[in-house]
Amino acid sequence: MKKRDFLKTSSLALGAAMLPLSFWSCNKGAQVVRTAHIGVGNMGFEDLKAIASHPKVVVTALCDVDQHYLKTAHALFPEAQIFQDYRRMFETMADQIDAVVVSTPDHTHAPASLLAMEHDKAVYCQKPLSHYVSESREMRSVARKKGLVTQMGIQVHSFYDYKLATMLVQGGIIGKVRKVIAWSNKNWGYDGPVPEGADPVPASLDWNLWLGTSQERPYKEGYYHPGNWRKLMDYGCATLGDMGVHIFDTPYAALELDVPNTITNHCRPTNGYGYPERNSVHYTFEGTPYTTADFEWWWFDGEAGPKISDELRLPTGEALPEQGAMFIGEDGRRLLLPHFMQLPKLIVEGAYTDYDIKAYDTEETLGEAIRDYARESPKHYHEFIESCLGNGNCSADFDYAARLTETILLGVIAGRFPGQVLHYDKASSAFTAQEANAFLQGNHRSF
Ligand SMILES: NC(=O)c1ccc[n+]([C@@H]2O[C@H](COP(=O)([O-])OP(=O)(O)OC[C@H]3O[C@@H](n4cnc5c(N)ncnc54)[C@H](O)[C@@H]3O)[C@@H](O)[C@H]2O)c1
């Protein structure tokens, strides 16, 4: 499904009604978008409902390696065909699919999305875009080359408070930004040992398909599926790759940052299995029009939260929000962006200070502050579907998503070299430390 071919009006001229996108190979005049969903449990189920809430979506295929989740999703969309293996799905019915939603664990994002793109499908892929830097780069390159509609699943990207924070920062409310400190009190790390032995694989689960391109490993209850894969190096991307993607997104986009020049992660030594439960990651970036030349960024995660420095201290002595970001201007003015759905707070000379939103929203594009997740979040999904129909562009396409994901993943890789300043060259997509380059790509298994 390509961006350039949407001439909706031409179908109306032809009198075509409700024709599927691939009725014309070039998608002219699409009237519905037929979606296939890979991973339909938990977040995938939310993605499925949000995408299907667009009136022009027809859910055509559902795929999950666990029949338990597949059954629940199928009960909601009984007309859809069901699969456990996404490769079989494309073999069987690629010509009946226009757009694919990938909501699997991180290690399967790229293999499933790249296969979908090989079939010229539009792709909505959950965050982070991929498990490896090389995969994000490949996804971006294929999407660009084929001109496909793409969107990463960072639905808060277009929420009111984040758009406002971008306007404030770009409008100079704290002047040039010299530092961002971002944090999450979540702990998607695991400091324990590698579990021994194997547990019986649940009857509903195809463990080989769940492992996909990752290496073979015995199944252990509670360690991997569902959800806990996030804590483990072979499948997830730790707290940084989970909440970090949402929390980085606004400052990263607002300051128009590229990938970093140096990355240092202060955490426990690696054990090659679980991610550290606490990480303090320091990044330096090339300056942009919105930052000072020596701009730097800190990320803190783990249950204890960041240590309170003067830069994080709040005016009335209250606790920091559990997750969020602080922009620090060169003259000491600060902007606090709590995560999430709260107004950004301006702090000047140690006191909260009012600001006039209208002075920053000069083109009145902000709209109303909804702060109701159920009403706000479908926007990001519908933006994808509308883009498939030829109406507008996606705000988190793979061009942007790959850059943001690369930045996140470099911090994750730095966790394998605690305390070491890693220098990164974006042109060659390589660290100067050769030993770190081994982690930019994976060793994919045939399955
Ligand atoms: N944007 C957000 O707010 C948000 C929130 C939560 C999760 N996520 C993202 O959504 C993704 C899924 O997270 P989750 O918490 O739902 O994980 P989960 O483990 O709870 O669920 C994953 C689902 O995918 C299925 N699955 C696994 N491998 C598959 C494969 N190869 N083919 C088809 N189905 C497969 C599982 O059976 C399960 O139904 C992750 O990338 C995560 O980062 C995003």
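Residues numbered from 1 in each chain as written. Predicted model: local features only at pLDDT ≥ 70, side-chain atom pairs only at ≥ 80, totals over all residues.

Colleague: Tell me about the nonpolar core, residues and numbers included.
Modeller: Membership of the largest hydrophobic core comes to 119 residues, with the highest contact counts inside it found for Val 100, Val 123, Val 169, Val 177, Phe 327 and Leu 335. In terms of residue count, helix 14 (residues 398–414) provides more of this core than any other element does, 11 residues in total. In terms of domain composition, this core takes at least three residues from each of domain 1 (3–155 + 380–397) and domain 2 (158–191 + 227–367 + 403–437). When sequence neighbours within four positions are dropped, the list of residues in contact with Val 100 reads Ala 36, Ile 38, Ala 116, Lys 121 and Val 123. (Core = buried A, V, L, I, M, F, W, Y, C linked by C-beta atoms within 7 Å. Buried ≥ 20, exposed ≤ 12 C-beta atoms within 10 Å, placed from the backbone. Helix = DSSP H or I, 4+ residues; strand = E, 2+ residues; numbered from the N terminus. Domains from an automatic or database assignment. Contact = placed C-beta atoms within 7 Å.)

Colleague: Tell me what's going on with the packing of helix 6 (residues 133–146) against helix 14, and back it up with residues and numbers.
Modeller: For the pair helix 6 and helix 14, interaxial distance at closest approach is 9 Å and the crossing angle is 170°. On the basis of their axis angle, the class for helix 6 and helix 14 is roughly antiparallel. On the side of helix 6, the interface is formed by Val 133, Ser 136, Arg 137, Met 139, Arg 140, Ala 143 and Arg 144, while helix 14 contributes Phe 398, Asp 399, Ala 402, Thr 405, Glu 406 and Leu 409. Counted by class, the contact of helix 6 with helix 14 contains six nonpolar, two polar and five charged residues. (Axes fitted to C-alpha atoms, helices over the stretch in contact; angles between N-to-C directions. Parallel < 35°, antiparallel > 145°, perpendicular 65-115°, else oblique. Nonpolar A, V, L, I, M, F, W, Y, C, P; charged D, E, K, R; others polar.)

Colleague: Tell me about the domain arrangement of the protein chain, and please be specific about residues and values.
Modeller: When the domains of the protein chain are assigned, the result is domain 1 (3–155 + 380–397) and domain 2 (158–191 + 227–367 + 403–437). Inter-centroid distance (C-alpha atoms) of domain 1 to domain 2 is 30 Å. In this assembly, 16 residues from domain 1 lie in contact with 16 residues from domain 2. Every element with two or more residues in the side of domain 1 that touches domain 2 is listed here: helix 6 and helix 13 (378–388). Residues belonging to the side of domain 1 that touches domain 2 are distributed by class as follows: five nonpolar, seven polar and four charged.

Colleague: Account for helix 4 (residues 86–93), with residues named and values stated.
Modeller: Buried residues of helix 4: Tyr 86, Met 89 and Phe 90, and no others. Across the axial projection of helix 4, the buried residues extend over an arc of 90°, all falling on one side. Seen from the open side of helix 4, the exposed residues pointing more than 90 degrees away from its buried face are Arg 88 and Glu 91. Contact partners of the buried residues in helix 4: strand 1 (33–38), strand 2 (57–63), strand 3 (81–83) and helix 5 (109–118). (Arc of directions from axis to C-beta.)

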